[in-house]
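Each chain is listed here by its residues.
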Amino acid sequence: MKHNFGAGPCILPKEVFQEASQAVIDFNNTGLSILEISHRSKEFEQVIQEAEALVRELMDVPSDYSVLFLQGGASQQFAMVPLNLLPEGGKAAYLDTGVWATKAAKEASKVGQVEIVASSSDKNYTYIPKEFSVPSDAAYFHYTSNNTIYGTEVFEKPNVNLPTVVDMSSDILSRVINVADYDLIYAGAQKNMGPAGVTLVIVKNDILGKAGRTIPTILDYEAHAKAGSLYNTPPVFSIYVSMLNLRWLKEKGGISVIEQENIIKARTLYDEIERNPFFSGTANEEDRSRMNVTFVMDTPEQEAAFLKLAQERGMVGIKGHRSVGGFRASIYNALGISSINALVDVMKEFEELSNK
């Protein structure tokens, strides 16, 4: 049996794969594949409407927010956010907590002035900065809620009295949040929502159309909102699979239920890292991510030996990001506790073998 700890694209529920695979052959008894139906058809209209309704229900999205299904990944959002929210001559505030936060700020700096209000680069992004001030004249404040490479997560929205934008690509739908605390939320689907190819954007309507700049229509949130995410041909299959996954999440009991499962999964793995003398966690304890558990060993030789054993036992995707090394176990919503227990068993087995 394989246990997929890949950072993304990542594991999805088996029942989602099964239904999606059937739809590739014959979608809802139409005689057509989901890959070939028109995005303007009533069949797909039902899909995208249900997907939006499920997002609104599961996340309790206020009625004055638009829910969009876009393309280009979070990387395109790095540019769309400042283009839509940063006025000419304006300034944006960014919190630097790792590679993706840095890239977001770099893209925004091509549009206008960016102020980095705090950074954890001094300790290789192993913690989340807590004490910082944000310029009151900034157009918005941006941060990344979960840092996949470094295994850190922001669980409480920073106390900032500005329009707030958050990149939730790797922890969207994994824990309960108050959408009304944010003005714009964006997330690539390929961690907890669906396959790669679609990006979820939840945006408060009254912040749009005020940047005072002319931007390409394809990069304008208002255009996509007015068109119901159908301004151009959307990623039909990715939206469909996301809808199936949102159904699965609702049937499980919703985000509050999956959050408790995620807490247990993360605690189980962190407890073994702390107990086992061969492994050490890399992130500050108070900032440890529930989605990406990062850990190292004392020597490269030990790490090579453990990786070999883990792969022989069916563990997939646990090698750490090339920039930090060590190991990274990504434990997104669809990864069951049985896989966590299997990894813990391998860690204990390695300890026993090494002590013989």
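Residues numbered from 1 in each chain as written. Predicted model: local features only at pLDDT ≥ 70, side-chain atom pairs only at ≥ 80, totals over all residues. Heavy atoms only, no water.

Draft legend 1. Layout of the environment of Val99. Within the secondary structure layout, Val99 lies in helix α4 (residues 99-109). Placed 45 residues apart in sequence, Val99 and Thr144 show a C-alpha to C-alpha distance of 9.9 Å. Residues within four places of Val99 in sequence aside, it is in contact with Ile149 and Tyr150. (Helix = DSSP H or I, 4+ residues; strand = E, 2+ residues; numbered from the N terminus. Contact = heavy atoms within 4.5 Å.)

Draft legend 2. Representation of the domain arrangement of the protein. Here the protein is partitioned into domain 1 (14-252) and domain 2 (254-355). Distance between the C-alpha centres of domain 1 and domain 2: 27 Å. Taken together, the contacts link 27 residues of domain 1 with 27 residues of domain 2. Overall, the association of domain 1 and domain 2 removes approximately 2,300 Å² of surface from exposure, summing both partners, and the carbon and sulfur fraction of that is 55%. Sorting the residues of domain 1 by area buried against domain 2 places Ile149, Gly151 and Lys252 first, and these three jointly supply 22% of that buried surface. At the junction of domain 1 with domain 2, the criterion picks out three salt bridges. For Glu261, the salt bridge is made with Lys252, and the minimal N-O distance between the two is 3.1 Å. At the junction of domain 1 and domain 2, the tally comes to 17 residue pairs in polar contact (both at pLDDT 80 or more). Of all the elements in the fold, those that place two or more residues in the side of domain 1 that touches domain 2 are α2 (42-59), β7 (152-153) and α6 (236-252). Among the elements that line the side of domain 1 that touches domain 2, the one with the most residues is α6, at four residues. A breakdown of the residues in the side of domain 1 that touches domain 2 according to their chemical character gives eleven nonpolar, nine polar and seven charged. (Domains from an automatic or database assignment. Buried area = accessible area lost by both parts, 1.4 Å probe. Salt bridge = Lys/Arg side-chain N within 4 Å of Asp/Glu carboxyl O. Polar contact = N/O pair within 3.5 Å; in protein donor to acceptor, adjacent residues only side chain to side chain. Nonpolar A, V, L, I, M, F, W, Y, C, P; charged D, E, K, R; others polar.)

Draft legend 3. How the structure looks around the packing of aromatic side chains. Tallying each qualifying case throughout the model produces 13 aromatic pairs. Seen in terms of ring centroids, Phe141 and Tyr143 are 5.8 Å apart; in terms of plane orientation they differ by 25 degrees. Their pairing is stacked. Comparing Phe141 with Tyr143, the two get one shared label, buried. For the pair Phe279 and Phe306, a centre-to-centre distance of 4.9 Å together with 70 degrees between the ring planes defines the contact as edge-to-face. Taken together, the residues Phe279 in the loop between α7 (255-275) and β11 (280-281) and Phe306 in helix α8 (residues 300-312) connect sequence positions 27 residues apart. Accessibility assignment for this pair places Phe279 and Phe306 in one class, buried. An aromatic cluster is defined as three or more aromatic residues linked by ring pairs; in this entry it consists of Phe278, Phe279, Phe295, Phe306, Phe327 and Phe350. Between the NZ or CZ atom of Lys123 and the centre of the ring of Tyr127, over which it lies, the distance is 6.0 Å. Taking the ring centre of Tyr270 as reference, the NZ or CZ of Arg288 above it sits at 4.1 Å. (Phe/Tyr/Trp six-rings, centres within 6.5 Å; stacked < 30°, edge-to-face > 60°. Buried < 20%, exposed > 50% of the residue type's maximum accessible area, 1.4 Å probe, protein only. Lys NZ or Arg CZ within 6 Å of the ring centre and 35° of its normal.)

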